[in-house]
Amino acid sequence: MSERFRSILFAVVLSVVISVLLTAASTGLQRFQEKNVLLDKQKNILKSVGLIQEGRRYPPGTIEALYKKSIRAVWAGPEGGIIETPIGGEQDMPIYLHIQNGDIHAYVVPINSRGLWGRIKGYLALRSDGSTISGFTVYQHAETPGLGGEFEKEWFQKNFVGKKIVDSRGDFVSISIAKGRVAERIPKPRRDNYVDGISGATLTGKYLTAGLRRILSEYEPVSIRFRKHGAKFSPETK
Amino acid sequence: MELTLSKPFAAIRRSQSYKAIRACLWEINPISKQILGICSALAVTVQLRTAIVMSLALTFVVAFSSLTISALRNLIPRNIRIIVEISIIATLVIIADEVLKAFLYDISKQLSVFVGLIITNCIVLGRAEGYALSNPPIPAFVDGLANGVGYSSILIGVAFFRELLGSGKLLGFQVVPEIFYRAGYENMGLMLLAPGAFIVIGLFVWLQHTLIEK
């Protein structure tokens, strides 16, 4: 058996064995991994409305129970109404309502934005006044650790709390990530619509700003309804 | 009494495995003496918890990759040797990563890319090339285990100081009492950043070199 043939044969056999092992491991563990991802999603939605805190450990089952009690997963209709079942297809706009004492306390919009190296996924929670941000979380991204990756840190996400997606006149302007510090770069009347940027992560900030604007304008009909009716906005309204 | 107790201990002390592990903890420690694997030692030692998980993952990978490569050492063609070794190491790392994602999801998110980077950790490939290729499987396994233990000792030591001094906690539990903070004590923020890690590792290296000279 020639040297070269032996090498090729060994490589082929090794590749097959490794592929089988990795596929077996992946499919075998898939169930557990998916459960973790779902739990993580619930945790992030709860975190964005402030029901749980970052860094604290919760006994198993509490997350699921809290989620079931306070969050309703529904869909936004084309005219801004809330519908119970999706229309189906790409027009689907999922939305999560934070219910407290029968009233809608906040609504959570899933964010799926372009980032520099991949998608940035997270949740943006808005208060029932339809204008103020009550929380922002990032749960998946492919940005550079230490630069764009800092977007998943609590200090960055906390900056979003209290900011507004409308300007002083009530027009929709979305929320933007400034290049540098808001206090230094942005004029006073606009400061509520900007959060501090991260040095070295300008492009990530640019893409996320554009992604947030795109998604928030899609959900604008819902926000307009909230601005008009506030917490009394009944989920059954079409 | 003393004689009968010390006999089995003396036997263990003379065994090859014990000598290998002790050497890797001290004389030829992979991080402080061979200066390998520094990158992950900087990144994952911010907290004791992540350092422990990373240590276990690396020890698992280096022990079993050395075992596998040693078992195949007469079959691996010379001209694709390095690629075969890396493939085997990568397979083990991916399996370790998948297991972490399935059972320790929160920690795996904190470790993020660094579990994958075990593939590039010089210790693993270094032991494969330097020992596993020319020695039988069981000694190779022990050698891998020993190097893993040596690496873990430094990682856990560094993480211990970084978490204690940098956030006043150990394993997530508050250790520095509240009265210290009120008296004006502040956490050393530098310990949470890479330069702080560099300094602690540097001190460990210096300490070990000084004590061994003696």
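Scroll up for the structure.
Residues numbered from 1 in each chain as written. Chains lettered and ligands numbered in written order. Predicted model: local features only at pLDDT ≥ 70, side-chain atom pairs only at ≥ 80, totals over all residues.

K.L.:
What am I meant to see in the overall build of chain A here?
P.N.:
Helix and strand content of chain A: six helices and eight strands. Written out in order from the N terminus, the α and β elements of chain A read α-α-β-β-β-β-β-β-α-β-α-β-α-α. When each of the 238 residues of chain A is scored for burial, the buried share is 28%. In chain A, the share of contacts with a sequence separation of at least 24, taken over all contacts with a separation of at least 6, comes to 55%. (Helix = DSSP H or I, 4+ residues; strand = E, 2+ residues; numbered from the N terminus. Buried ≥ 20, exposed ≤ 12 C-beta atoms within 10 Å, placed from the backbone. Contact = placed C-beta atoms within 7 Å.)

K.L.:
Where do I start with the nonpolar core in this structure?
P.N.:
As a rule of thumb, soluble globular proteins bury nonpolar side chains together. Residue and element names in this part refer to chain B. Ranked by internal contacts, the top residues of the largest apolar core, which has 47 residues, are Met54, Ala57, Val61, Leu155 and Val158. Secondary-structure elements contributing two or more residues to this core are helix H2 (16-25), helix H3 (38-43), helix H4 (48-71), helix H5 (81-103), helix H8 (122-130), helix H9 (137-167) and helix H11 (194-213). Ignoring anything within four residues of it in the chain, the contact list for Leu155 reads Ala41, Thr45, Ala51, Met54 and Ser55. (Core = buried A, V, L, I, M, F, W, Y, C linked by C-beta atoms within 7 Å.)

K.L.:
I keep staring at the packing of helix H1 (residues 3-48) of chain A against H5 of chain B and nothing clicks. Help me out?
P.N.:
In contact at an axis separation of 8 Å, H1 of chain A and H5 of chain B are set at 15° when each is read in the N-to-C sense. By the criterion of interaxial angle, the relationship of H1 of chain A to H5 of chain B is roughly parallel. Seen along the crossing, H1 of chain A lies across H5 of chain B with a hand that is left-handed. Residues Leu14, Ile18, Leu21, Leu22, Ala25, Ser26, Leu29, Phe32, Gln33 and Asn36 of chain A of H1 of chain A pack against Val84, Ser87, Thr91, Ile94, Ile95, Glu98, Val99, Lys101, Ala102 and Phe103 of chain B of H5 of chain B. Tallied by class, the residues present in the contact of H1 of chain A with H5 of chain B amount to 13 nonpolar, five polar and two charged. (Axes fitted to C-alpha atoms, helices over the stretch in contact; angles between N-to-C directions. Parallel < 35°, antiparallel > 145°, perpendicular 65-115°, else oblique. Left-handed = near helix turned anticlockwise from the far one by under 90°. Nonpolar A, V, L, I, M, F, W, Y, C, P; charged D, E, K, R; others polar.)

K.L.:
Where do I start with H9 of chain B in this structure?
P.N.:
In an α-helix, one full turn covers 3.6 residues, which means residues spaced three or four apart are oriented alike. Compared with an ideal rise of 1.5 Å per residue, which puts 31 residues at 45 Å, H9 of chain B spans 43 Å between its outermost C-alpha atoms and is within 8% of the ideal. Residue Gly168 of chain B follows H9 of chain B closely and has a positive phi angle near 70°. (Expected span 1.5 Å × (residues − 1).)

K.L.:
What's the story with the interface of chain B and chain A in this structure? I'm lost.
P.N.:
Contact with chain B, which involves 18 residues of that partner, is made by 17 residues of chain A. Sort the elements by how many residues they give to the side of chain B that touches chain A and H5 of chain B lands first, with ten residues. For the side of chain B that touches chain A, the class distribution of residues is twelve nonpolar, four polar and two charged.

K.L.:
I'm lost on the pairing of strand E1 (residues 71-76) of chain A in this one. Help?
P.N.:
Each regular strand shows side chains that alternate between the opposite faces of the sheet. All names here are of chain A. Sheet topology note: the E1/strand E3 (residues 94-100) ladder contains five bridges and is antiparallel. Note that in E3 the partner of Ala73 across the bridge is Tyr96. As consecutive antiparallel partners, E1 and strand E2 (residues 82-83) are separated by five residues, and within that stretch Gly80 has a phi angle of approximately 100°, a positive value. (Pairing = 2+ DSSP bridges.)

K.L.:
It is not clear to me how unusual backbone geometry should be interpreted in this structure. Could you clarify?
P.N.:
The bulk of non-glycine residues show a negative phi, and the bulk of peptide bonds are trans. Residue and element names in this part refer to chain A. For Ser174, which is not a glycine, the phi torsion comes out positive at approximately 65°. Of note, Ser174 is situated in the loop between helix H3 (154-158) and strand E7 (176-177). The class for Ser174 is partly exposed, based on 18 C-beta atoms found within 10 Å.

K.L.:
I keep staring at the sheet that holds E2 of chain A and nothing clicks. Help me out?
P.N.:
Picture the strands of a sheet paired through backbone hydrogen bonds; they go either parallel or antiparallel. Residue and element names in this part refer to chain A. Taken in spatial order, the six strands line up as E2-E1-E3-E4-E5-E6 in an open sheet, and their pairing is antiparallel. What marks the edges here is a single partner per strand, and that holds for E2 and strand E6 (133-140). Against the sheet, H1 makes contact with E1, E3, strand E4 (103-114), strand E5 (119-127) and E6, and its axis sits at roughly 155° relative to E6, the strand it touches most.

K.L.:
Teacher, can you tell me more about the packing of H4 of chain B against H9 of chain B here?
P.N.:
Geometry of a packed helix pair, given as the angle between the helix axes and the separation of the axes. Residue and element names in this part refer to chain B. The contact between H4 and H9 brings their axes to 8 Å, and the two run at 165°. The pairing of H4 with H9 is recorded here as roughly antiparallel in orientation. The hand of the H4/H9 crossing is right-handed.

K.L.:
Looking at this structure, how should I read helix H6 (residues 220-229) of chain A?
P.N.:
All names here are of chain A. Three or more residues of H6 are buried, namely Val222, Ser223 and Phe226. For H6, the buried positions fall inside an angular range of 95° around the axis, keeping them on one side. For H6, the elements touching its buried residues are E1, E3, E4 and E5. Immediately downstream of H6, the backbone of Gly230 shows phi near 65°, a positive value. (Arc of directions from axis to C-beta.)

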